Amino acid sequence: MNIERFHNELAMLLGYERIVNDKRILISVEESDDPVVTLKVQGGVDIRFRASGSSDQVNYDSMIELHDDVREIVEASRIAYIHTCKDRF
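Given the structure is predicted, the values throughout are model-derived calculations rather than measurements.

So, how was this worked out
- Here the residue index of a chain counts from 1 through its sequence in written order.
- Whole-chain, interface and lining totals are the exception, using all residues; otherwise, since this is a predicted model, local features are given only for residues with pLDDT of at least 70 and side-chain atom pairs are given and counted only at 80 or more.
- Heavy atoms from the whole structure form the basis of all side-chain values; hydrogens and water molecules are not counted.
- Going along the chain from the N terminus, every DSSP run of H or I of four or more residues is numbered as a helix, and every run of E of two or more is numbered as a strand.
- Note on contacts: a residue pair is in contact if any heavy atoms of the two residues lie within 4.5 Å.
- Under the rule applied, a polar contact is a pair of N or O atoms within 3.5 Å (in protein, one hydrogen donor and one hydrogen acceptor; residues adjacent in sequence only if both atoms are side-chain atoms).
- Salt bridge, as used here, is a side-chain nitrogen of Lys or Arg placed within 4 Å of a carboxyl oxygen of Asp or Glu.
- Each residue is assigned to one of three classes by its accessible area relative to the maximum for its type, calculated with a 1.4 Å probe on protein chains only: buried under 20%, partly exposed between the two thresholds, exposed over 50%.

**Thoughts on the environment of Ser-52**
Stage number 1. Here Ser-52 lies in the loop between strand E3 (47-50) and helix H2 (67-86).
Stage number 2. As for Ser-52 and Ile-82, which are separated by 30 residues in sequence, their C-alpha atoms are 7.4 Å apart.
Stage number 3. Ser-52 has contacts with Asp-34 and Tyr-81, leaving out every residue within four places of it along the chain.
Stage number 4. A distance of 2.8 Å separates a polar atom in the side chain of Ser-52 from a polar atom in the side chain of Asp-34.

Now the structure itself:
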């Protein structure tokens, strides 16, 4: 998988405001064919998940305030993974 393309897809789905200006959640991606995404949540626990997985693999119960934001990032990661693998050229 092209990790740079995955980064670009994820950036387009989440937008500049979410990635650069929102300091509550930092996003990092480990380079591999099935990247592991880590969300470093300010004042909370780190959340790790595979980009190819479903949003069911993340425990949202422990995140009251950022629940919707984390869910949106997990879903965007999954969609970015699908686009990156599907549209090879």
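**With respect to the pattern of salt bridges**
Stage number 1. Summed over the entire model, instances satisfying the criterion amount to six salt bridges.
Stage number 2. With a closest N to O distance of 4.0 Å, Arg-5 and Glu-9 form a salt bridge. Taken as a pair, Arg-5 and Glu-9 lie in helix H1 (residues 3-21) at a separation of four residues, close to a single helical turn.
Stage number 3. Owing to a relative accessible area of 19%, Arg-5 belongs among the buried residues under this scheme.
Stage number 4. A salt bridge links Arg-78 to Glu-75, with the nearest nitrogen and oxygen atoms 2.5 Å apart. Here Arg-78 pairs with Glu-75, and both are found in helix H2, just three residues apart, close to one helical turn.
Stage number 5. When its relative accessible area of 26% is taken as the criterion, Arg-78 is described as partly exposed.
Stage number 6. Assessed through its relative accessible area of 27%, Glu-75 is described here as partly exposed.

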